[in-house]
Amino acid sequence: MVGAGPAGAAAATELARDGREVLLIDKATFPRDKICGDGLTALALRQLEELGLVPDAVESWQWTDKCWVRSPSGRIAEFPLPTEQGHHAAVASRRDLDAALVDLAVATGAELAAGCRVGAADESSDSVTLDVEELGRVNAKWVIAADGMWSPMRKHLGVAPEGYRGEWHAFRQYASGVTGPAAEDMFVFFEADLLPGYFWSFPLRNGRANVGFGIARGGKVAVPAMKALWADLLERDHIRSAIGSDAELEGTHRAWPIPARVDDALAATDRVMFAGDAVGACDVMTGEGIGQALLTGRLAAQAIVDNNGSADTTSDYTSRMRSELVADHKMSSILVRALKHRKGARAAVRVAAATPWTRRNFGRWLFEDYPRAVLATPRRWGREMFTPPGTYQDG
Ligand SMILES: Cc1cc2nc3c(=O)[nH]c(=O)nc-3n(C[C@H](O)[C@H](O)[C@H](O)COP(=O)(O)OP(=O)(O)OC[C@H]3O[C@@H](n4cnc5c(N)ncnc54)[C@H](O)[C@@H]3O)c2cc1C
C-alpha cells in the first residue's frame, strides 16, 4: 500500500484480515494532519463500522444529528438526521481518525513503514518494484496506490493526467470557543458568491469546529482570490452568529484541492490499483471523499483476495469501483449544474425544506445515507433503500 490515509489503511486492514502479507507505506509519521472538513457521512460511517473501527479510539469523535442549510437568499432550513437506530453523521479530526485507522491496520497484522517516501516505481507484468526511503527497493505482487490527490505513483508510472489540479479547491481552519449552534450542529451555507461552492462549519468536541469553504475550479471565484474571500466570509453576520461572536480561529487556514473525476480516471494498470483521491473518488457535489476512499481501498483489497492472484485482479477492481461510484458521480454532476446558479440553489433548498418528510430525507441524501443515484440504479432498490438503519447502534 502506498499511502496510509483512509484508502490505504482500509485496504491494508482488509488484506491483513485475510492473512496477506501487507506493507503500509507513508511518507508521513502518524498522527499527522490532513486538510479536510473532518465530516463523516453515513457512507464513511458504514465503511468504518464494517472495518471494525471503534469511535472511542478517536479522541475528537463527535456524533451529530442536525444540519442547517442556508440558501443564497438567506433562508435557513433545518435538516434533522434520524436519531433512533444508530448514527448517520459524525465529525472527527483527521489527525485522530487517520492515526486510529493506521493503528487498526497494524493491530490486524499489516506492517507499517511510516516516514518513508516512495520515490520511484517500476512495473513489470508480474510485479512492481518501489524505491522507498529508508527501506530501499521493495518488490510487491500488487500495489494499491492510495497516495492522495497528487498521486506520485501515477507520475512514477507515467499515467498522471497533464496539468490536472482537481475539480474543487477548499480552505480549512479550526475555530475554538464556538458558542453558537455550530458547537453541536453542522452548517452548510450556499453563499451567492461561492456557488456551486459553499461554506461549512462542522462541530468538534470542547467548543471547537472545523470551518472552511470550497469552490469549483474554473468557477466564479479564482483560486488566488480565496484568501481575501475567507476573511470576508468570516465577517458575515450569519456565519458569525452560527459560530458565536467569541469564536477564535486557530493557527492559519490551509488549502488543498479535491479530485472528483472517478468517471474518467484510470483506475488501474496491470499491477497497481488507484484508490481514494488517487482515483478522484470524491463526491463532485459536496467534495466529501473519506467514505469513497474507505470504499475504494476496500474494493481494491477485495479484488486481490477474490481473484487469488489472477491477472484479472485489476480489471475486476476497475469494474467493481465503477459500478459502485460512477452512476452517483453522474447524478452529482447534474446537481452541481443546478447549484451553479442562485435560482437553482434557492429552489433546491426550498424544495428540500418543504415538509418534515422532505427535510428528513434531504438530510439523509446529502449525508450519503443512501447512494446519490439510488433511483437510477434498480439493482440497489430494496425495502430499506431510503431508510437504512444508522451505524454504530450500540454506541
Ligand atoms: C479542505 C478539504 C475539506 C474536505 N472535507 C471533507 C469532509 O468533510 N468529509 C469528507 O468525507 N471528505 C472531505 N474532503 C476530502 C477528503 O479529505 C479526501 O477525499 C480523503 O482524505 C481521501 O483519502 P485518501 O486516503 O485517498 O488520501 P489522503 O487522505 O490524502 O492520504 C494519502 C496519503 O498518501 C501519503 N503519500 C503521498 N505521497 C506519498 C509518497 N510519495 N510516498 C508515501 N506516501 C505518500 C500521504 O502522506 C497521505 O498520508 C475534504 C478535502 C479537502 C481538501
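I will try to describe carefully the structure that is included in this document. Nothing here was measured: the structure is a model prediction, and the numbers come from that model.

## What about the site of the ligand?
Alright, step 1. Lining the immediate surroundings of the ligand are 35 residues, of which D26, G37, G39, D277 and G289 lie closest.
Alright, step 2. In the environment of the ligand, an oxygen atom lies 3.0 Å from a nitrogen or oxygen atom belonging to the backbone of A7.
Alright, step 3. Protein contact buries 95% of the 1,000 Å² of open area that the ligand shows by itself.
Alright, step 4. Elements with a minimum of two residues in the shell around the ligand: α1 (6–17), β14 (198–203), β16 (248–258) and α7 (290–307).
Alright, step 5. Sort the elements by how many residues they give to the shell around the ligand and β16 lands first, with 3 residues.
Alright, step 6. Within the shell around the ligand, the residues separate by chemical class into 17 nonpolar, 8 polar and 10 charged.

## Here's the deal with the nonpolar core
Alright, step 1. In terms of nonpolar packing, the biggest core is built from 53 residues, with L130, I144, M153 and Y317 touching the most fellow members.
Alright, step 2. In terms of residues, this core owes the most to one element, α7, which gives 7 residues.
Alright, step 3. What L130 contacts, discounting residues up to four positions off in sequence, is V2, I25, V118, A120, A121, G136, R137, V138, V143 and M153.

## Section: the pairing of strand β13 (residues 186–189)
Alright, step 1. Burial along β13 is two-sided: M186 and V188 facing one way and F187 and F189 facing the other are all buried.
Alright, step 2. Pairing geometry for strand β4 (residues 66–70) and β13, over 4 bridges, is parallel. When the bridges of β13 are listed, W68 appears paired with F187.
Alright, step 3. In terms of strand pairing, β13 meets β14 through 3 bridges, oriented antiparallel. Note on β14: the bridge partner recorded for F189 is F199.

## Quick word on the pairing of β4
Alright, step 1. Bridge count between β4 and strand β5 (residues 76–80): 5 bridges; the pairing is antiparallel. Bridge pairing in β5 places K66 opposite P80.
Alright, step 2. Hairpin connection from β4 to β5: 5 residues lie between these consecutive antiparallel strands, with G74 at a positive phi of about 105°.

## What about helix α2 (residues 42–51)?
Alright, step 1. Looking only at α2, the buried set comprises A42, A44, L45, Q47, L48 and L51.
Alright, step 2. Each element contacted by the buried residues of α2 is listed here: α1, β2 (39–40), β3 (62–63), β6 (90–91), α3 (94–108) and α7.
Alright, step 3. With its phi angle positive at about 100°, G52 sits one or two positions after the end of α2.

## Considerations on the sheet that holds β14
Alright, step 1. Taken in spatial order, the 7 strands of this open sheet run β5-β4-β13-β14-β15-β12-β16, and their pairing is mixed. Only two strands of the sheet have a single partner each, and these edge strands are β5 and β16. Averaged over all neighbouring strand pairs, the angle between strand axes comes to 15°, with direction disregarded.
Alright, step 2. Across the sheet, helix α5 (residues 226–234) touches β12 (168–176), β14, β15 (209–216) and β16, and the angle it forms with β15 is around 130°.
Alright, step 3. Helix α10 (residues 356–366) contacts β4 and β5 of the sheet and is inclined by roughly 75° relative to β5.

## Comments concerning the environment of A16
Alright, step 1. Turning to its location among the elements, A16 is positioned in helix α1.
Alright, step 2. With relative accessibility at 9%, the residue A16 sits in the buried group.
Alright, step 3. Remark: the alpha-carbon pair of A16 and P6, spanning 10 residues in sequence, is separated by 15 Å.
Alright, step 4. Contact partners of A16, with chain neighbours within four places excluded, come to V22, T108, G109 and A110.

## Side note on the pattern of salt bridges
Alright, step 1. Counted by the stated rule, this structure contains 15 salt bridges.
Alright, step 2. For R172, the salt bridge identified is with D33, shortest N-O distance 2.9 Å. Here D33 lies in the loop between β1 (23–26) and β2 and R172 lies in strand β12, a separation of 139 residues in the sequence.
Alright, step 3. Among the residues examined, R172 registers a relative accessible area of 4% and is labelled buried.
Alright, step 4. Of the charged contacts in the structure, one is a salt bridge between R94 and D98, with a shortest N-O distance of 2.9 Å. Placement of the pair is R94 and D98 together in helix α3, with a separation of 4 residues, close to one helical turn. In this pair, the class of R94 matches that of D98, namely buried.

Reading guide: rules and limits
Residues numbered from 1 in each chain as written. Predicted model: local features only at pLDDT ≥ 70, side-chain atom pairs only at ≥ 80, totals over all residues. Heavy atoms only, no water. Near = heavy atom within 4 Å. Polar contact = N/O pair within 3.5 Å; in protein donor to acceptor, adjacent residues only side chain to side chain. Areas by Shrake-Rupley, 256 points an atom, 1.4 Å probe, with all protein chains shown as cover. Helix = DSSP H or I, 4+ residues; strand = E, 2+ residues; numbered from the N terminus. Nonpolar A, V, L, I, M, F, W, Y, C, P; charged D, E, K, R; others polar. Core = buried A, V, L, I, M, F, W, Y, C linked by side-chain atoms within 4.5 Å. Buried < 20%, exposed > 50% of the residue type's maximum accessible area, 1.4 Å probe, protein only. Contact = heavy atoms within 4.5 Å. Pairing = 2+ DSSP bridges. Axes fitted to C-alpha atoms, helices over the stretch in contact; angles between N-to-C directions. Salt bridge = Lys/Arg side-chain N within 4 Å of Asp/Glu carboxyl O.

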